[in-house]
Every structure is written in structure tokens, then in C-alpha cells.
Amino acid sequence: MRLATWNVNSIRARVDRIVDFAVREHIDVLAMQEIKCKTEQFPFDRFEDAGYHVEAYGFSQWNGVAIASREPLTNVRTAFPGMPGFEKGHNGPDAPQEARAMGATIGGVEVWSLYVPNGRSLGDPHYYYKLDWLSALEQYTAQSLTANPDLALALVGDFNIAPTDADNGDPTVVQGFATHVSPPEREAFAALEAAGLQDVVRPLIPTGFTYWDYKQLRFPRNEGMRIDFILGSHTIADAVTGATIHRNERKGEAPSDHVPVVVDLDLEGPDDEDRPMIF
């Protein structure tokens, strides 16, 4: 299985580029974030014409997630248990949920396309929403892997966190003044790892960024951040045979400010001749 994640920053603005990438790179499963459209506005036909099954979930011009797969998607969900909501000026546990998560089972793998809240600024209500959102995600992860330690679980997407200083090359993002690098955010990321997940790309690609702001020549100066991840359970991590960060997708006409992150998985081990291949 070739699994990819990409914050596309408006699917309708870049659908040709995204589908072309998926076909050219032989992507089996593409998790997308920030599709920026209502579900019914998603260009399903473009993906279906290229041989993909698609599930999408969006409300308006903000947020939104989707998954495209060569194989059918089952057990599709648009929230994980306990996922909090957010609405400006709305306090309490019944705030409406945003379109930030989609989970599906594909060939025996539970894949989640996640667009973690940005946080906006330190002390902003959205920052505390982000931490609550991550805490609920960690609880779901821990419970899932406690119940089934061998679960093939992949949490992929835009986490809006640079977990280490090496993941931050943007001189304007400074600890103590900006989100994405604050200790509580980094601790929340570490908690996901403690719950049983691994960053399956970093061991193969120890350096490099996945996001560059459009402003102030951030991309030509390579002042980016590594905030897009593929986190996998041990079953996923043990199956990884390769990884790529497609930096060149930040070039050209009207690119997203993020680039695709891709891993190859071989989920058939040497003692599993009788188990069918997923793809």
C-alpha cells in the first residue's frame, strides 16, 4: 500500500494537480486536509474517473477532510470518540464539531485523515481547543491500541505542531511567542507517541520540511516547518519499506503551501504467504 497525506489548501483550486500527482506516483490511499468546500462541492468525478473511491466531509470554505482510495472504504467516520467542537464565543461541551477528522478502514488498515486545529495564538480559545482536541485523540489512540495492540492504525495529516526544534525553520515561529512549538503542543504530540504511535517517516527522512508559508519568500529560503506526519502503530511501522516528502509539489503554478508525505507499506510478512496482499 502506498499511503499519502496532503494538506491541499482548497481541493477545487488544485484538483487537476492533486489527481495527476496521485496517478503519477501510484498512490493507493490519499488522505487530504483543508479541502475548503462543502461535501457536495467536492470534485468526486475527477477522482472517480482516475479509478479512486472517495469519501469527503466539509461544511464551507474552511477546514474539511477527505480520503481517496483505490480500494473501497468501509467503516467511514467523521469524528473520533470524544472529539471536541469549537465555535467562537461558545463555551461548554456541546460546541459544534468541525470537519477535521475522517476515519476509514481500507484493506485492513484503519486510516485517519486529520486536520488538527491551528491554535491561532498562545492563550486564544482556539489554542485550548487544540490541546483538548489532541487529548481526545490520544485517548482514542490509547484505547484502540490497548484493545488491539496489533491494530494497523495510521493517523495522518496536518498536525500543526513542529515536535522538535529541527522541525522548525521559520524564524518567525519562536517558542514563547507562537503556536506550533509551545511545550504543551509538543507534549501533546509526544503523548500520541507514548500511546503507541511512531513517526514512520523521520527514521528514513531525518531532515526536511512539509510546509512553507506563502509570505516573505519562505519557500525559496527554505524557511519551512515539518508539521505533516504519518503516525503509525507498530504494525504499520514494521511494514514501512520507504518514504518520500515531495518537496517539488511546492513549486509551479498555484501550489498548496504544504507538500505530500508518502510511505510504502508491505503488510505481508515472510511468514504470511497465505494472507492476501492488500494492494
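These lines cover the structure that appears in this document, whether it is placed above or below.

Rules used in this analysis
Residues numbered from 1 in each chain as written. Predicted model: local features only at pLDDT ≥ 70, side-chain atom pairs only at ≥ 80, totals over all residues. Heavy atoms only, no water. 1 Å grid on protein atoms, 1.4 Å probe; cavity = no way out; pocket = protein on both sides within 12 Å on 5 of 7 lines; lining within 4 Å. Points joined across faces, edges and corners; volume = space filled by probe spheres on them. Helix = DSSP H or I, 4+ residues; strand = E, 2+ residues; numbered from the N terminus. Nonpolar A, V, L, I, M, F, W, Y, C, P; charged D, E, K, R; others polar. Buried < 20%, exposed > 50% of the residue type's maximum accessible area, 1.4 Å probe, protein only. Pairing = 2+ DSSP bridges. Core = buried A, V, L, I, M, F, W, Y, C linked by side-chain atoms within 4.5 Å. Phe/Tyr/Trp six-rings, centres within 6.5 Å; stacked < 30°, edge-to-face > 60°. Lys NZ or Arg CZ within 6 Å of the ring centre and 35° of its normal. Axes fitted to C-alpha atoms, helices over the stretch in contact; angles between N-to-C directions. Parallel < 35°, antiparallel > 145°, perpendicular 65-115°, else oblique. Contact = heavy atoms within 4.5 Å. Expected span 1.5 Å × (residues − 1). Polar contact = N/O pair within 3.5 Å; in protein donor to acceptor, adjacent residues only side chain to side chain.

Our focus in this paragraph is empty space enclosed by the protein. Inspection of every chain in the model, using the stated rule, returns one cavity of 30 Å³ or more. Considered as a void within the structure, the largest cavity measures approximately 30 Å³ in volume. Looking at the lining of the largest cavity, the element that brings in the most residues is strand β10 (residues 228–232), giving three residues. Grouping the amino acids of the lining of the largest cavity by side-chain chemistry returns five nonpolar, one polar and three charged.

With four of five residues buried, strand β12 (residues 261–265) is to be regarded as a mostly interior element. One ladder, built from four bridges, connects strand β1 (residues 2–7) with β12; its direction is antiparallel. Bridge pairing in β12 places R2 opposite D264.

Within the largest apolar cluster, 35 residues are counted, with the highest numbers of intra-cluster contacts made by L3, I106, V201, I230 and L265. The set of elements that each furnish at least two residues to this core consists of β2 (29–33), β4 (65–69), β6 (101–106), β7 (109–115), β8 (153–158), α5 (234–237), β11 (240–245) and β12.

Reported here for the largest pocket is a volume of approximately 750 Å³. Looking at the largest pocket, it is lined by 30 residues, and the ones nearest its centre are E34, Y115, N118, N160 and H180. Of the residues belonging to the lining of the largest pocket, the class tally is 11 nonpolar, 10 polar and nine charged.

With that settled, the discussion passes to the packing of aromatic side chains. One pass over the structure, following the stated rule, counts 13 aromatic pairs. Note on F159 and F229: the rings are 6.1 Å apart at their centroids and 75 degrees apart in plane angle, and the pair reads as edge-to-face. In this pair, F159 sits in the loop between β8 and α4 (183–194) while F229 sits in strand β10, placing the two residues 70 residues apart along the sequence. The class of F159 is buried, set by a relative accessible area of 0%. Sitting over the ring of Y52, R70 keeps its end group 3.9 Å from the ring centre.

So, about the sheet that holds β2. Sheet architecture is open: six strands sit in the order β3-β4-β2-β1-β12-β11, paired in mixed fashion. Every interior strand has two partners, whereas the edge strands, β3 (53–57) and β11, have only one. Neighbour-to-neighbour, the strand axes of this sheet turn through a mean angle of 10 degrees, independent of strand direction. Examined bridge by bridge, β11 and β12 share five bridges and lie antiparallel to one another. Within the sheet, the bridge partner assigned to A243 lies in β12 and is V263.

In this section: the packing of helix α3 (residues 125–147) against α4. One can describe the packing of α3 onto α4 by two numbers: an axis separation of 9 Å at closest approach and a directional angle of 10 degrees. When the axis of α3 is compared with that of α4, the two are roughly parallel. The segment α3 lies against α4, with Y127, K130, L131, L134, L137, E138 and T141 engaging P184, E185, A188, A191 and L192. When the residues that make up the contact of α3 with α4 are grouped by side-chain class, the tally is eight nonpolar, one polar and three charged.

What follows concerns α3. If you check α3, its first and last C-alpha atoms are 33 Å apart, about what 23 residues at 1.5 Å a residue would give, namely 33 Å. The N-cap of α3, judged by a side-chain oxygen 2.7 Å from the amide nitrogen of H126 a few residues on, is D124.

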